[in-house]
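One letter stands for each residue in the lines below.
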Amino acid sequence: MVLLIGFALFVCLVILFYRVTDAPKEAAAGSSGSAGAAGSANISGIGVAYISNGKLFYQPEGGALRQLHSPYIQEIEDRLARSNERNSWKKNTSFEVGAYGQMKQFGDAANGIRYTSAQFDQHQAILYFLSDQGIGGLFSFNLETGVETRIVHRQHLDLSDLNLNRETGKLVCTSSSKDSITNIATLDVQGNNLRELTGGDTADSAPSWCDDDSIVYQSAGLGRDSQGMIVALGHSTIQKLDLRSGKLDTVLDDANTDFLHPRVTSTGELLFIRRPYEVPQYSSGNILLDTVLFPFRLLRAVFHYLNFFSMMYSRKPLTGASGPAAQADVKAIILKGKRIDAEKALRSESMVAGVPSLVPASWQLVQRSRSGDDRVLASNVASYDITPAGQILYSNGRGVFLLGDDGRSTLVLKGDLVGDIIAR
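The rules behind these values
Residues numbered from 1 in each chain as written. Predicted model: local features only at pLDDT ≥ 70, side-chain atom pairs only at ≥ 80, totals over all residues. Heavy atoms only, no water. Helix = DSSP H or I, 4+ residues; strand = E, 2+ residues; numbered from the N terminus. Buried < 20%, exposed > 50% of the residue type's maximum accessible area, 1.4 Å probe, protein only. Contact = heavy atoms within 4.5 Å. Areas by Shrake-Rupley, 256 points an atom, 1.4 Å probe, with all protein chains shown as cover. Phe/Tyr/Trp six-rings, centres within 6.5 Å; stacked < 30°, edge-to-face > 60°. Salt bridge = Lys/Arg side-chain N within 4 Å of Asp/Glu carboxyl O. Pairing = 2+ DSSP bridges. 1 Å grid on protein atoms, 1.4 Å probe; cavity = no way out; pocket = protein on both sides within 12 Å on 5 of 7 lines; lining within 4 Å. Points joined across faces, edges and corners; volume = space filled by probe spheres on them. Nonpolar A, V, L, I, M, F, W, Y, C, P; charged D, E, K, R; others polar. Patch = residues over 30% accessible without salt bridge, like charges linked within 9 Å, V, L, I, M, F, W, Y side chains within 5 Å. pLDDT = per-residue confidence, 0-100.

Caption draft 1: Just the overall build of the protein, in detail. For the protein, the count of helices and strands is four helices and 29 strands. By residue count, 40% of the 424 residues in the protein fall in the buried class. Pairs at least 24 residues apart make up 47% of the contacts formed inside the protein by residues separated by at least 6 positions. Looking at the protein as shown, the accessible area adds up to about 23700 Å², and 54% of this sits on carbon and sulfur atoms.

Caption draft 2: Broad picture of the packing of aromatic side chains. A complete count under the given rule lists seven aromatic pairs for this structure. With a centroid separation of 5.3 Å and 15 degrees between ring planes, the pair formed by Tyr50 and Phe57 is classed as stacked. Given the relative accessible area of 4%, Tyr50 is considered buried. Ring centres of Tyr58 and Phe120 lie 5.7 Å apart, and the angle between their planes is 55 degrees; on these two criteria the pair is classed as tilted. Pair noted here: Tyr58 is in strand β2 (residues 55-59) and Phe120 is in strand β4 (residues 114-120), with a separation of 62 residues, a long-range link. Exposure remark for Tyr58: the relative accessible area of 3% places this residue in the buried category. When its relative accessible area of 1% is taken as the criterion, Phe120 is described as buried. A connected cluster of aromatic rings, assembled from ring pairs, spans Tyr72, Tyr115, Tyr128 and Phe139.

Caption draft 3: Summary view of the pattern of salt bridges. In this structure the tally under the stated criterion is five salt bridges. Across the pair Arg224 and Asp201 runs a salt bridge, and its minimum N-O distance is 2.9 Å. One end of the pair, Arg224, is in strand β13 (residues 214-224); the other, Asp201, is in the loop between β11 (195-196) and β12 (202-211), with 23 residues separating them in the sequence. With relative accessibility at 30%, the residue Arg224 sits in the partly exposed group.

Caption draft 4: Structural view of the pairing of β12. Of all the 10 residues making up β12, eight are buried; the element is thus mostly covered by neighbouring parts of the structure. Bridging between β12 and β13 involves seven bridges; their strand directions are antiparallel. By the bridge assignment, Ser208 is partnered in β13 with Val216. With antiparallel pairing between neighbouring strands as the criterion, β12 and β13 make up a hairpin whose turn holds two residues.

Caption draft 5: View of empty space enclosed by the protein. Evaluation of the coordinates by the stated rule reveals one cavity of 30 Å³ or more. In this structure, the largest cavity occupies an estimated 30 Å³ of space. In this structure, the largest cavity is lined by Tyr72, Ile113, Leu130, Asp132, Ile135, Gly136, Gly137, Phe139 and His153. Looking at the lining of the largest cavity residue by residue, the class counts come to five nonpolar, three polar and one charged.

Caption draft 6: Main features of a nonpolar patch on the surface. On the surface, a nonpolar cluster with roughly 380 Å² of combined accessible area is contributed by Phe294, Leu298, Val302 and Leu306. Structurally, Val302 can be placed in helix α3 (residues 285-314).

Caption draft 7: Fine view of the confidence of the model for the protein. Averaged over all residues, the pLDDT of the protein equals 82, while 76% of them reach at least 70. Note that pLDDT drops below 50 for residues 16-35; the model gives that stretch 20 contacts with residues more than four away or on any other chain. Note on residues 106-110: pLDDT under 50 across the span, and 11 contacts to partners over four residues away in sequence or across chains.

Caption draft 8: Up close: the layout of surface pockets. The volume enclosed by the second largest pocket comes to roughly 1100 Å³. In this structure, the second largest pocket is lined by 41 residues; those nearest its centre are Val264, Thr265, Ser266, Ile386 and Thr387. Those elements that provide at least two residues to the lining of the second largest pocket are β4, β8 (159-165), β12, β17 (257-264), β24 (374-379), β25 (383-386), β27 (399-403) and β29 (421-423). Counting residues per element, the lining of the second largest pocket draws most heavily on β12, which supplies four residues.

Right, dumping it as structure tokens:
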């Protein structure tokens, strides 16, 4: 007992020492460097939206941050609520038992519909794409009246990365298929003339307009095994496609680097996110671990099989409690295709304008001039966008910042998880 108490005190002292010595490092990291330093630029006239965990949030100019609620989603939720009422008699019966002996959640109104992308138009509306397991739709929401218009809605339609050409009214976007291939596509704001521009066994995404006749986008190759399953994703390159001639040019390509989210400014400069490419690692360690754990996994499967029949016929589990519903690990999130340990990142990564970062400093926002010279504008960049006035807004995963002409960052808003941002 004495040894146990001593060990507990030792652990407490180590944690206290870590926090005391780590706090000055975080403070120094947050205040060092022009890109991460807090600025005082004028944020008047700045409106911004962002997507977080499939939800859409909007902060108007000079207004408060609020979540935008789609009337279509509300309609689906009301319909599910009425269905749950009709199925309430199934509670505490064998009809309530699902696979693996878990209880079906008839009272849960979660519908799985998520926002995949959004884009402000030239009027007072925001365009967004809603998707669930099998149906997708493009909608327009008037920010002044709250009226939602359904533009196109059909099965097996899965679009993201919307980018609007305000002059022509055309959208370029990412179109996803069931086999995990993503292609670049175009359509008009009326939802007509959907046409895929790219093909092949690749992941093409994040397109944007250079001008009316050309686009840039990121592209990565897919690695598959002998059964056709995807086992790896290659490094991301930046490609430029001429829509008239069909000519494709590689703009940036480095086997050790990912080039993401290309955008072309009104002055012809290229913006993109640059980060190190992580080569997939394969070792015999996983095979050994799977071999050791195989008997325990087999016993677990047998237990759940027997537990299912116990719940079905006697409505009593083999354990004292059926356990809570399975939930995703909120500590692990995905940003730009990479799994991020949020808890570790908030503890170790540097701050931007006093806001902790979810992505490392190696994720950089880079500007390439027409002559080919690169300049790092900011670090710890998870996403960014350009306002119609040419100003740059970017996110470190926990906040949105306005990048000043002096390279200093001014906080625009904070959020728990800021994904793709959309500047207005």
